[in-house]
Amino acid sequence: MGNILFASLLYSQQKEGKVVYERTIQMQIQVNDNDAVSQMLPKTRTDKFELTFGNNQSIWKHVDEDDNNDEFGGSGMQIRMVGPGQNDIVFYDFNHTRKVEQREIFDKNFIVEDSVHKLNWKLTGETQTLLEHVCQKAVAQNISKRMQMTMDNGKMERKEITDTSMVIAWFTTDIPVPAGPEVQGQLPGLILALDMNNGRMMYKAIEISPKADLASIKAPAKGKKVTPEQFNEERNKMMDEMQKNNQGGGGNRIIIRN
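Summary of the structure given here. What you see is a predicted model, and the numbers here were worked out from it, not measured in a lab. (Residues numbered from 1 in each chain as written. Predicted model: local features only at pLDDT ≥ 70, side-chain atom pairs only at ≥ 80, totals over all residues. Heavy atoms only, no water.)

Points about the overall build of the chain
Thinking step 1. In terms of helices and strands, the chain carries two helices and 17 strands.
Thinking step 2. Taking all 258 residues of the chain together, 44% fall into the buried category.
Thinking step 3. For the chain, the proportion of contacts with a sequence separation of at least 24, taken over those separated by at least 6, is 65%.
Thinking step 4. For the chain, the exposed surface amounts to about 13900 Å²; the carbon and sulfur share of it is 44%. (Helix = DSSP H or I, 4+ residues; strand = E, 2+ residues; numbered from the N terminus. Buried < 20%, exposed > 50% of the residue type's maximum accessible area, 1.4 Å probe, protein only. Contact = heavy atoms within 4.5 Å. Areas by Shrake-Rupley, 256 points an atom, 1.4 Å probe, with all protein chains shown as cover.)

Comments concerning the nonpolar core
A general feature of soluble globular proteins is that nonpolar side chains tend to end up buried together.
Thinking step 1. Of all hydrophobic cores here, the largest spans 36 residues; its most connected members are Y21, L51, F53, W121, L190 and L194.
Thinking step 2. Those elements that place two or more of their residues in this core are β2 (17-26), β4 (44-54), β8 (89-93), β12 (133-152), β13 (155-172), β14 (190-196) and β15 (201-209).
Thinking step 3. Here this core takes six residues from β14, the largest share from any one element.
Thinking step 4. Not counting residues within four places of it along the chain, the set of residues in contact with L51 comprises G17, K18, V19, Y21, S58, I59, W60, A179, G180, Q184 and L190. (Core = buried A, V, L, I, M, F, W, Y, C linked by side-chain atoms within 4.5 Å.)

Notes on the pairing of β8
Thinking step 1. Counting buried positions along β8 gives five out of five residues, so the element sits mostly inside the fold.
Thinking step 2. Where burial is concerned, the two faces of β8 agree: the one with I89, F91 and D93 and the one with V90 and Y92 are both buried.
Thinking step 3. Relative to β8, strand β5 (residues 57-62) runs antiparallel, the two being bridged by four bridges. Paired with W60 across the strands is V90, a residue of β8.
Thinking step 4. For β8 and strand β9 (residues 98-105), the ladder comprises five bridges, and the chain directions are antiparallel. (Pairing = 2+ DSSP bridges.)

Concerning the environment of N198
Thinking step 1. Note that N198 resides in the loop between β14 and β15.
Thinking step 2. A relative accessible area of 71% places N198 in the exposed class.
Thinking step 3. Taking the C-alpha atoms as reference points, N198 and I168, separated by 30 residues in sequence, lie 8.7 Å from one another.

Quick word on the pattern of salt bridges
Thinking step 1. Counted by the stated rule, this structure contains 10 salt bridges.
Thinking step 2. With its nearest N and O atoms 3.9 Å apart, the salt bridge here joins K18 to E50. On the criterion of sequence distance, the pair formed by K18 in strand β2 and E50 in strand β4 is long-range, its members being 32 residues apart.
Thinking step 3. Its relative accessible area of 28% is what places E50 among the partly exposed residues.
Thinking step 4. Between D88 and R103 there is a salt bridge whose closest N-O contact spans 3.2 Å. (Salt bridge = Lys/Arg side-chain N within 4 Å of Asp/Glu carboxyl O.)

Examining the packing of aromatic side chains
Thinking step 1. Tallied over the entire structure, the rule returns six aromatic pairs.
Thinking step 2. Where Y21 meets W60, the ring centres are 5.5 Å apart and the plane angle is 45°; that geometry is what we call tilted. Of the two residues, Y21 is situated in strand β2 and W60 in strand β5; the sequence distance between them amounts to 39 residues.
Thinking step 3. Of the residues examined, W60 reaches a relative accessible area of 7% and is grouped as buried.
Thinking step 4. Ring pairing ties together the aromatic residues Y21, F49, W60 and Y203, which thus form one cluster. (Phe/Tyr/Trp six-rings, centres within 6.5 Å; stacked < 30°, edge-to-face > 60°.)

Structure representation (structure tokens):
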């Protein structure tokens, strides 16, 4: 094993294309003292995303499907399941190691620009073939923050917790573009499979096309421009407002994001 060296090399392999990924997440939702609601909620959720790459850039979007959101109801309560990042658009510029995200909170869009924060990747020497491409295994430790939602006696509470998790990526240098799900701009090849936090969130490429709509690869611009810190402040403010609105009793509509 050793640290990956990133070098500027000339390749003749595929430099543009489109990939469809299937994502499976373990839904971690706690509903205290309400077994009926707990039993209604699914344990896993699967959806699809599309990655288009070319000109050393990429754009990441959710694939719209008829069953976009799962809704459950009963006892005067309606719960809508929305997967993390489902309505987001992410643009990466690998030349300048930056990303521009269009993030949605309760139907309001924000544009968040940030640099690419790279993890300390190590190669394991293991390989496997995915979609006829030989992939190498790379592992890294990721420290991140996430919002944990709990609902107790009709009152929804949230708190930010710190996660330290293992990230496992399978990438192929057959397609020497540092693109893929979640951790783009970090590995010297396209990521075809990704495991985050021991299976809590998993991506797997199910289709690769050598053709890309290069005109579609551009930074999103629909929304209020904010810094990452300002976005977190806006999100917390809107979550507080939602919690207040949901404490009035009667028919509640609650959106829970994993």
